[in-house]
Amino acid sequence: MHMVANAQSQPVAALPDQTSTIRLSNRDINHLICVGGDIEDVKFSAEKAIAVERAGADAWIKFLVKESDDQGQVTRSYVTAPSEFFVSCNGAIYPLYAEPADIPAQTVTLVPGSHQRATANMDLLGPLVEEERAVSITLSLLADRLPVSFAETAPRAGTVAIAALPDLTVAERKAIQIDGAGLSASEYTVTAKQPVHLDERSFLRSELGSTIFALTLDRSDLKAGESARLIVVRRGERP
């Protein structure tokens, strides 16, 4: 039998090597998803009324309902006592302290920690020379297909004031930190206030970082009101 969960709420994220306290449905089938790898094992107290199945990156947890029949009167008892799960995902352990509750089926996303991201990034980028790393990172951003090991951070709010480029409005759209490779990158939206021809070298500005080693524009000629995407790759962290 393969478990299929019902309609789910917003996913809850859990990190490795630290206990995450979560609420799970005590009625419906809860779903665990291992980001970037497989779930190798799910350990829990065998005497608890719990059913667990796993397949690849997915696992399903169901708290079993006890039914008693008293002269035709069926009574259902739902689990309320917390349980601990130790999930092996992508080479790390995720301790989960689960509190069963009368809520819809839950999705728990097991996200990589910094050590896992660093290892994955070195596997991905380690064999490449610096210029090839910049190309790989830039193409990932332009395609909106970031590897799981690239950690997204909150982009800067508002616009970036660059005095030398008064005819442009520059706003950060996306920012990433690449653990293990000592690199960071940002995608900016560059909007023209009047017709302009863009030169990537003109964006070598301290406002965008002092350790820039790669700049890429997806287009060079803009009419008033049009925008281009600018990818900036840096050594070290974003300023």
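Description of the structure in this document.

What counts and how
- Residues numbered from 1 in each chain as written.
- Predicted model: local features only at pLDDT ≥ 70, side-chain atom pairs only at ≥ 80, totals over all residues.
- Heavy atoms only, no water.
- Helix = DSSP H or I, 4+ residues; strand = E, 2+ residues; numbered from the N terminus.
- Core = buried A, V, L, I, M, F, W, Y, C linked by side-chain atoms within 4.5 Å.
- Buried < 20%, exposed > 50% of the residue type's maximum accessible area, 1.4 Å probe, protein only.
- Contact = heavy atoms within 4.5 Å.
- Pairing = 2+ DSSP bridges.
- Axes fitted to C-alpha atoms, helices over the stretch in contact; angles between N-to-C directions.
- Salt bridge = Lys/Arg side-chain N within 4 Å of Asp/Glu carboxyl O.
- Disulfide = S-S within 2.5 Å.

## Here we look at unusual backbone geometry
Stage number 1. Although it is not a glycine, Asp17 adopts a positive phi angle of roughly 65°.
Stage number 2. Relative to the helices and strands, Asp17 is located in the loop between strand E1 (12-14) and strand E2 (20-25).
Stage number 3. Within the chain, Asp144 stands out as a residue other than glycine whose phi angle is a positive 55°.
Stage number 4. Mapped onto the elements of the fold, Asp144 is located in the loop between helix H2 (130-142) and strand E12 (151-153).

## Considerations on the nonpolar core
Note that soluble globular proteins tend to have their nonpolar side chains buried in a common cluster.
Stage number 1. Core analysis: the largest hydrophobic core is formed by 21 residues, its most contacted members being Leu24, Leu32, Ile39, Phe85, Val87 and Leu110.
Stage number 2. Elements with a minimum of two residues in this core: E2, strand E3 (30-34), strand E4 (39-44), strand E6 (58-63), strand E9 (83-89), strand E10 (92-101) and strand E11 (107-110).
Stage number 3. The biggest single contributor to this core is E10, with four residues.
Stage number 4. When neighbours within four sequence positions are excluded, Leu24 is seen to be in contact with Asn30, Ile61, Phe63, Phe85, Ala98, Glu99, Pro100, Ala101, Ile103, Gln106 and Val108.
Stage number 5. Core analysis: the next-biggest nonpolar cluster, separate from the first, contains 18 residues, Leu198, Ala228, Leu230 and Val232 among them.

## Here we look at the sheet that holds strand E13 (residues 168-178)
Stage number 1. Taken together, five strands build an open sheet; the order of strands is E12-E13-E14-E18-E16 and the sheet is antiparallel. The sheet is open, and its two edges are formed by E12 and strand E16 (212-217), each paired on a single side. Ignoring which end each strand starts from, the neighbouring axes of this sheet average 25° apart.

## Some remarks on the pattern of salt bridges
Stage number 1. Per the counting criterion, the structure on display carries nine salt bridges.
Stage number 2. Taking the shortest distance from any N to any O, the salt bridge between Arg229 and Asp144 comes out at 3.6 Å. Here Arg229 is found in strand E18 (residues 227-235), whereas its partner Asp144 is found in the loop between H2 and E12, with 85 residues between them in sequence.
Stage number 3. For the salt bridge of Asp199 with Arg201, the shortest nitrogen-to-oxygen distance reads 2.8 Å.
Stage number 4. What makes Arg201 exposed here is its relative accessible area of 64%.
Stage number 5. Within the structure, one salt-bridge network assembled from shared partners comprises Asp144, Arg173, Lys174, Glu187 and Arg229.

## A closer look at the environment of Thr75
Stage number 1. Tracing the backbone shows Thr75 in strand E8 (residues 73-77).
Stage number 2. Judged by its relative accessible area of 40%, Thr75 falls in the partly exposed class.
Stage number 3. When the C-alpha positions of Thr75 and Val65 are compared, they lie 10.0 Å apart, and in sequence the two are ten residues distant.
Stage number 4. Not counting residues up to four positions away in its chain, the partners in contact with Thr75 are Lys66, Glu67 and Ser68.

## Points about the state of the cysteines
By definition, a disulfide is the covalent link that joins the sulfur atoms of two cysteine residues.
Stage number 1. Inspection of the entire model under this criterion finds one disulfide.
Stage number 2. With its sulfur 2.1 Å from that of its partner, Cys34 forms a disulfide with Cys89. Taking the torsion about the S-S bond as the criterion, the Cys34 to Cys89 disulfide, at about 85°, is right-handed. Remark: Cys89 occurs in strand E9 and Cys34 occurs in strand E3; sequence separation between them is 55 residues.

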